Amino acid sequence: MSDKVRIYQLAKDVGIDTKEMLKILDDMGVEYKSHSSTLEHDIADTVRQLVAADSGEPAAAAPATPEEAPAAKAPAKAKAKAPSATETKARAASEAPLRAPVVTVMGHVDHGKTTLLDYIRHTKVAEGEAGGITQHIGAYQAETKGGLVTFLDTPGHEAFTSIRQRGTNATDIAVIVVAADDSIMPQTREAIAHAKAAKVPIIVAINKCDLPQANPEKVKQDLMQVELVPEDYGGDTIVVDISAKTGDGVDDLLEMISLVAEVEELRASPDGPARGLVIESVLDKRAGVLATVLVQEGTLRVADYIVSGEAWAKVRRLTDPSGAAIESAGPSVPVQVLGFSEQPNAGDPVEAVADEQTAKRIAAERRTAREDDERQAIGRKGLTLADLYGKPTTKVINLVLRADAQGSLEAIKGVLAREAESTDEVDLEIMLAEVGAPTESDLLLASTADATVITFGVNPAGSVKKSAERQKVPIKSYRIIYELIEDVQRMIRGQIEPEYEEQVIGHAEVRAVIHVPRSGNIAGSYVTDGVIRRGSKARLTRGGKEVYKGSIAQLRRFKDDVREVASGFECGINLQNYDNVQEGDVIEAYEMVEVPVA
């Protein structure tokens, strides 16, 4: 058994905060990477002795007796000195109240992120998700032994990269969930990359450890390939084995989250105007625009005026994660805001302003600035050679997009842009992209532009469906993002002119030339490999040089016409419009096959 001990474990053993433990090590000049680094046995013993000695100091420094007080009074005055402005500012920052950590749970599709949050919150959300996959960012709060924690549940599919990236930028700690029976997958690598880019602490939760085929050790080995070295292997990455289904290890995970949050010492003042971030926005048929906002500083209150991008709001209602109406929300609290004039973009900052006039002015200024930038960009676009001499013919697929939430809409647009960039032959033109169910106006636009209406998470009304059938406008509805992507890929492939390449199917050596009246010269041949097929393309080589390229007009075995002759058999080959065959020539048969679109 190793004598080494983790820093956070030592802090727990001696009964002090991990932050205080790190300060002791700094004073001792001990080098470490993080709170999960290991200490040698002798250093750990020295720390224990120092902590034990410090615990005795209050008695030694007991207050002076009344008789001694006059003598002690003067020296006390002599030691006092006024703090500098820098010290005052630092003290104010350090004295701001601790806030709840914001934890983003990320990972590959179907690795158990939402199931983990369900267990923590003791609710059931995953069963309601289409295909068992989280479709939007959800923000929730949970009471743990270490205090309140705010969780962001980000979608697992690669299509929601942009949503996940926004979630990471809003977070303090990233929990990467990896299935013990699946290990590191593409979206796992992507999530790790986003967490590293955001420079946030990473905790790895190896889920599904209750399955018989679970292999946590393989996951730990694979983690090292993405530069996350687990503690068990001498690294600093906290890795916890869990089962979100049974709850095993979840308490250990929450303890690690609390530990990291303690070391990070997350603080924010609830005083002053609110600042935060839009996590998600949806258009509700009855309530109107609903935006999920994560408050980061200050306090957001009902009746406050806020601005986000080009949208502004007078807060008419605040709803907490449990669905209850509240009057105010402080740092690290996610709330649903009712009152926006239009949908704010997910990921945009939110700030409180003094009054309605200020809110409208800021939103209008931003809109004007954007429009000016767009006009200038159009004016800067000059003529290219392609404009003057024409461009290669490019086919265009026109689309009308409708989605249930702004975040979903942005993610789908990002995926479609990536698919369009994958080929130069087809352009995807998004005629309209809005939140909400498709309307009659959408159908008019689609019929005029010969577009397809694509809906995600929303269903067209019955009257709209009938109108679409009458106008022959295709409407395709989806609930699962990767099905949408696959259909769009098929649409693109259907518009691309197929490419062909040669595929050699066989060779034959000419061993005799037979002259047949009215048929010309027949090449008596021996098939050396593959097959020779009637009607296939052929080339004739003589002395290593190609002397003919055409096709096989006739193929015979003995006196019978045959469709093909296999390797090891003799046959007679009649080449289309070519009689000058000679002994020793080699006939190569090939076919043109379509190259699959990548």
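These figures come from a predicted structure and were not determined experimentally.

Novice: Tell me about the overall build of the protein chain, residues and numbers included.
Specialist: When you go through the protein chain residue by residue, the secondary structure sums to 17 helices and 29 strands. Within the protein chain, the fraction of its 598 residues that count as buried is 44%. Relative to all contacts within the protein chain whose residues are 6 or more apart in sequence, the contacts with residues 24 or more apart total 70%. Accessible area for the protein chain stands at about 31800 Å²; split by element, carbon and sulfur atoms hold 49% of it.

Novice: Explain the pattern of salt bridges to me, and be specific about the residues and the numbers.
Specialist: What the rule picks out here adds up to 27 salt bridges. Close ionic contact of D45 with R48 constitutes a salt bridge, the shortest N to O distance being 3.0 Å. Within this pair, D45 and its partner R48 are both found in helix α3 (residues 41–55), separated by three residues, close to a single helical turn. The partner of R366 in a salt bridge is E351, with the nearest N and O atoms 2.7 Å apart. Of the two residues, R366 sits in helix α12 (residues 356–380) while E351 sits in strand β17 (residues 349–353), which places them 15 residues apart along the sequence.

Novice: How would you explain the packing of helix α14 (residues 406–421) against helix α17 (residues 481–495) if you had to name every residue and give the values?
Specialist: Taken N-terminus to C-terminus, the directions of α14 and α17 make an angle of 30°; their axes are 11 Å apart at the nearest point. By the angle class used here, α14 and α17 are roughly parallel. Read as a crossing pair, α14 and α17 show a hand that is right-handed. Within the contact between the two elements, α14 uses I412, V415, L416 and E419 and α17 uses I481, L484, I485, V488, Q489 and I492. When its residues are assigned to classes, the contact of α14 with α17 shows eight nonpolar, one polar and one charged.

Novice: Could you give me a rundown of the environment of V473, with the residues and numbers involved?
Specialist: If you trace the backbone, V473 turns up in the loop between α16 (462–471) and β21 (475–478). C-alpha of V473 to C-alpha of A451: the two residues are 22 residues apart in sequence and 7.4 Å apart in space.

Novice: Break down the nonpolar core for me, citing the residues and quoting the values.
Specialist: Within the largest apolar cluster, 28 residues are counted, with the highest numbers of intra-cluster contacts made by L116, F151, V175, I203, L253 and I257. Of all the elements in the fold, those that place two or more residues in this core are β3 (102–107), α7 (113–121), β4 (138–144), β5 (147–153), β6 (173–179), β7 (202–207), β8 (238–241) and α11 (250–264). In this structure, L116 is in contact with V105, V177, I242, A244, V250 and L253, ignoring residues within four places of it in sequence.

Novice: Any chance you could break down α11 for me, citing the residues and the numbers?
Specialist: Here α11 spans 21 Å end to end across 15 residues, near enough to the 21 Å set by a 1.5 Å rise per residue. Listed as buried for α11 are V250, L253, L254, M256, I257, L259, V260, A261 and V263. Of the residues one or two after α11, E265 is the one with positive phi, at around 50°.

Novice: Got a sec to walk through a negative patch on the surface? Specific residues and values, please.
Specialist: Side chains of D17, E20, D54 and E262 sit close together on the surface and give a patch of like negative charge. Within the secondary structure, E20 sits in helix α2 (residues 18–28). Among the residues examined, E20 registers a relative accessible area of 42% and is labelled partly exposed.

Novice: Describe in detail the sheet that holds β21, supporting the description with residues and values.
Specialist: In spatial order, the strands read β19-β18-β20-β21; together these four strands make up an open sheet with parallel pairing. Looking along the sheet, the strands with just one partner apiece sit at the ends: β19 (426–435) and β21. When strand polarity is set aside, the average angle formed by the axes of neighbouring strands in this sheet is 25°. Pairing of strand β20 (residues 452–456) with β21 involves four bridges; the strand directions are parallel. Looking across to β21, one finds that I454 is bridged to K476. The strands touched by α14 are β18 (395–403), β19 and β20; relative to β19, the strand with the most contacts, the crossing angle is about 175°. With respect to the sheet, helix α15 (residues 440–449) is in contact with β18, β19, β20 and β21, its orientation differing from that of β18 by roughly 175°.

Cut-offs and rules
Residues numbered from 1 in each chain as written. Predicted model: local features only at pLDDT ≥ 70, side-chain atom pairs only at ≥ 80, totals over all residues. Heavy atoms only, no water. Helix = DSSP H or I, 4+ residues; strand = E, 2+ residues; numbered from the N terminus. Buried < 20%, exposed > 50% of the residue type's maximum accessible area, 1.4 Å probe, protein only. Contact = heavy atoms within 4.5 Å. Areas by Shrake-Rupley, 256 points an atom, 1.4 Å probe, with all protein chains shown as cover. Salt bridge = Lys/Arg side-chain N within 4 Å of Asp/Glu carboxyl O. Axes fitted to C-alpha atoms, helices over the stretch in contact; angles between N-to-C directions. Parallel < 35°, antiparallel > 145°, perpendicular 65-115°, else oblique. Left-handed = near helix turned anticlockwise from the far one by under 90°. Nonpolar A, V, L, I, M, F, W, Y, C, P; charged D, E, K, R; others polar. Core = buried A, V, L, I, M, F, W, Y, C linked by side-chain atoms within 4.5 Å. Expected span 1.5 Å × (residues − 1). Patch = residues over 30% accessible without salt bridge, like charges linked within 9 Å, V, L, I, M, F, W, Y side chains within 5 Å. Lys, Arg positive; Asp, Glu negative; His and termini not counted. Charge placed at Lys NZ, Arg CZ, Asp CG, Glu CD. Pairing = 2+ DSSP bridges.

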